[in-house]
Amino acid sequence: MIQVKDLHKSFGKLEVLKGIDAEIKEKEVVCVIGPSGSGKSTFLRCLNLLEEVTSGEVYVDGESLTDPKIDINSIRSRVGMVFQHFNLFPHMTVLENITLGPRKIKGYTDAQAEAVALPLLEKVGLSDKARVYPESLSGGQKQRVAIARSLAMEPKVMLFDEPTSALDPELVGDVLQVMKDLASEGMTMVVVTHEMGFAKEVGDRVIFMDEGIVMEEGSPNQIFEDPQNSRTQSFLSKVL
Amino acid sequence: MEVFLNSEYIKPMPYLLEGLVYTLLITFAGLFFGFIIGAFTGLGRLSKNKFIYGLSSVYVEVIRGTPLLAQILFIYFGLSQLMDINMHKLVAAILAIALNAGAYIAEIVRGAVHSIDKGQMEAGRSIGLTKGQTMRYIIWPQAFKRMIPPLGNQFVISLKDTSLFSAIAVGEMVYKAKTYYATTFTPFETLTMVCVLYLLITIPTSIYLRRVERRLDV
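Residues numbered from 1 in each chain as written. Chains lettered and ligands numbered in written order. Predicted model: local features only at pLDDT ≥ 70, side-chain atom pairs only at ≥ 80, totals over all residues. Heavy atoms only, no water.

What to know about the pattern of salt bridges
All names here are of chain B.
At step 1: For the coordinates displayed, the defined rule picks out 22 salt bridges over all chains.
At step 2: E107 is the partner of R45 in a salt bridge, and the nearest nitrogen-oxygen pair spans 3.0 Å. Of this pair, R45 sits in the loop between helix 2 (13-44) and helix 3 (50-64) while E107 sits in helix 5 (residues 89-114), and the two are 62 residues apart along the sequence. Taken individually, R45 and E107 each receive the classification buried, so the pair is uniform in this respect.
At step 3: Note that E122 is salt-bridged to K118, the shortest N-O span being 3.7 Å. With E122 and K118 both in helix 6 (residues 118-126) and four residues apart, this pair spans about one turn of that helix.
At step 4: Under the relative-accessibility criterion, K118 is labelled exposed at 60%.
At step 5: It is possible to trace a salt-bridge network through shared partners that takes in R45, E61, R64, E107 and R110. (Salt bridge = Lys/Arg side-chain N within 4 Å of Asp/Glu carboxyl O. Helix = DSSP H or I, 4+ residues; strand = E, 2+ residues; numbered from the N terminus. Buried < 20%, exposed > 50% of the residue type's maximum accessible area, 1.4 Å probe, protein only.)

Now the structure itself:
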């Protein structure tokens, strides 16, 4: 589904990604962990070109993102993204947030778009919030709306950029539950996270990044129970 | 009643009100075009394209760095000479307000759009909207709300600026007053009423704007 080959990304002189190789298969849930500043969010943002790639190649769904002829908007509509700070559109109701993409990109009528949005709202447990504005929602509810908004475009892959980091601890559970449900339905997911419990339980594979490279990767069991790399060991000893 | 109507304060009113019509016409028409100019230039100031950015910046700096009276004379006399035409005074006046206010509105637009969280653009792009669609459906509606108070301010400023058109004999309120008291020798009474008429528009506008500002909480 996603192939990454020798991906480099620099901001000015600062090289944040120093040659990443990775592959994400269909229906796989890959969790990316690592200390702050390790480049894991930048890596994720390169997968839908929110960050321009400095060198290397990224293939999504068979198409090369670095090909200048690529229609990036079409790729982005197939790759969902959920942000740490939700980024809901505050001037639109919850329902309008979710239906915007289907209406403007897929050309759905209001009724068609609502037929897509309402079941998604039910799925994230917020059917009663369709007509309210985001400001009246809690952080956890906002993030669940953001997930529904992404799903409304029927993406083939979902990228999560620390989706629970900005939430009060008691609100994390609901968001993680939605993500678990999604994983069990077979959604391909790449999750940058500090939730080691989630990575252990839901992840098919865990990638540990530090200083712009992939230090170690393997099944959650391998990474959490028997890490080989000394940096992985020291990181995990601090967070577990 | 008779005494009041015959007072030197009331007698110029028909002339002044006639002038007020022009004052308002120039202000509204000028700001209408000024907003269009300002919207494009303001976005131009945020463009990554160096040519568009440069052009917008030069325009804004030139207008903001020169006095309006000079701009008015330049447009009415200078442009007429250059293009060898006889520009209608009203056209010159509306053009001058549009070009002048456009530069200030450009800064209002730039500031408002710039103040919208970067994540909004990212969220729009990540669901597959183009840059233009994201601007239109997501950034602009939010930014526009934040523009309302400063645009109201600009309305008050431009309204007062129209008095400068008396320099090219456009029949706005101040010009009407000048021609009136030239024959009656009552400049004190006449100009008092001019100020009263301006204030009757500007003070309610300011009060209204303060209320909007509080409601928007920006």
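As for the packing of helix 2 of chain B against helix 9 (residues 187-216) of chain B
All names here are of chain B.
At step 1: Viewed as axis vectors pointing N to C, helix 2 and helix 9 meet at an angle of 40°, and their least axial separation amounts to 11 Å. Comparing their axes, helix 9 and helix 2 come out oblique. For helix 2 against helix 9, the interelement crossing comes out right-handed. Listed contacts from helix 9 to M13, L16, L17, L20, T23 and L24 of helix 2 are T190, M193, V194, L197, Y198 and I201. (Axes fitted to C-alpha atoms, helices over the stretch in contact; angles between N-to-C directions. Parallel < 35°, antiparallel > 145°, perpendicular 65-115°, else oblique. Left-handed = near helix turned anticlockwise from the far one by under 90°. Contact = heavy atoms within 4.5 Å.)

A look at the layout of surface pockets
At step 1: Put simply, the largest pocket is a space of about 980 Å³.
At step 2: Surrounding the largest pocket, 23 residues form its lining, K48, K118, M121, R125 and K131 of chain B being those nearest its centre.
At step 3: Mapped onto the lining of the largest pocket, the elements with two or more residues apiece are helix 2 (72-76) of chain A together with helix 5, helix 6 and helix 7 (131-161) of chain B.
At step 4: Of the residues that constitute the lining of the largest pocket, the class distribution is 10 nonpolar, three polar and 10 charged. (1 Å grid on protein atoms, 1.4 Å probe; cavity = no way out; pocket = protein on both sides within 12 Å on 5 of 7 lines; lining within 4 Å. Points joined across faces, edges and corners; volume = space filled by probe spheres on them. Nonpolar A, V, L, I, M, F, W, Y, C, P; charged D, E, K, R; others polar.)

Description of the interface of chain A and chain B
At step 1: In this assembly, 21 residues from chain A lie in contact with 17 residues from chain B.
At step 2: Here chain A and chain B share an interface that buries about 1600 Å² over both sides, 60% of which is from carbon and sulfur atoms.
At step 3: Our count for the chain A to chain B interface comes out at one salt bridge.
At step 4: The salt bridge involving E122 of chain B is made with R45 of chain A; its shortest N-O contact spans 2.6 Å.
At step 5: The tally of links from chain A across to chain B stands at six residue pairs in polar contact (both at pLDDT 80 or more).
At step 6: Top element by residues in the side of chain A that touches chain B is helix 3 (residues 94-104) of chain A. It accounts for three residues.
At step 7: Of the residues in the side of chain A that touches chain B, the class split is 11 nonpolar, six polar and four charged. (Buried area = accessible area lost by both parts, 1.4 Å probe. Polar contact = N/O pair within 3.5 Å; in protein donor to acceptor, adjacent residues only side chain to side chain.)

Here we look at the state of the cysteines
Residues and elements named next belong to chain A.
At step 1: Under the counting rule described, the total for this entry stands at zero disulfides over all chains.
At step 2: With no disulfide of its own, C31 lies 19 Å from the sulfur of C46, the closest cysteine sulfur.
At step 3: Under the relative-accessibility criterion, C31 is labelled buried at 0%. (Disulfide = S-S within 2.5 Å.)

Re the packing of aromatic side chains
Each aromatic ring pair is described using two quantities: the centre-to-centre distance and the angle formed by the ring planes.
At step 1: For the coordinates displayed, the defined rule picks out seven aromatic pairs over all chains.
At step 2: With 5.2 Å between their ring centres and 40° between their planes, F208 of chain A and F235 of chain A make a pair best called tilted. With F208 of chain A in strand 9 (residues 205-210) and F235 of chain A in helix 9 (residues 230-239), this residue pair connects regions lying 27 residues apart in the sequence.
At step 3: Overall, the relative accessible area of 10% leaves F235 of chain A in the buried class.
At step 4: Summarising the aromatic geometry, the rings of F35 of chain B and F144 of chain B are spaced 6.1 Å apart at their centres and angled 80° between planes, so their arrangement reads as edge-to-face. (Phe/Tyr/Trp six-rings, centres within 6.5 Å; stacked < 30°, edge-to-face > 60°.)

Points about the nonpolar core
Residues and elements named next belong to chain A.
At step 1: Ranked by internal contacts, the top residues of the largest apolar core, which has 67 residues, are V4, L7, F43 and L47.
At step 2: The residues contacting L47, other than those within four sequence positions of it, are I2, V4, V58, V60, L65, L159 and V190.
At step 3: Counting 46 residues, the second-largest nonpolar core is a separate cluster that includes L121, L137, A146 and A152. (Core = buried A, V, L, I, M, F, W, Y, C linked by side-chain atoms within 4.5 Å.)

Some remarks on helix 5 (residues 139-151) of chain A
At step 1: End to end, helix 5 of chain A covers 18 Å across 13 residues, agreeing with the expected 18 Å (1.5 Å per residue, within 8%).
At step 2: Among the 13 residues in helix 5 of chain A, 11 count as buried, and that is most of the element.
At step 3: Within helix 5 of chain A the residues assigned to the buried category are G140, Q141, Q143, R144, V145, A146, I147, A148, R149, S150 and L151 of chain A.
At step 4: Contacts made by the buried residues of helix 5 of chain A are with strand 6 (79-82), helix 3, helix 4 (110-123), strand 7 (157-161) and helix 6 (169-184) of chain A together with helix 6 of chain B. (Expected span 1.5 Å × (residues − 1).)

This is a description of form; function is not addressed.
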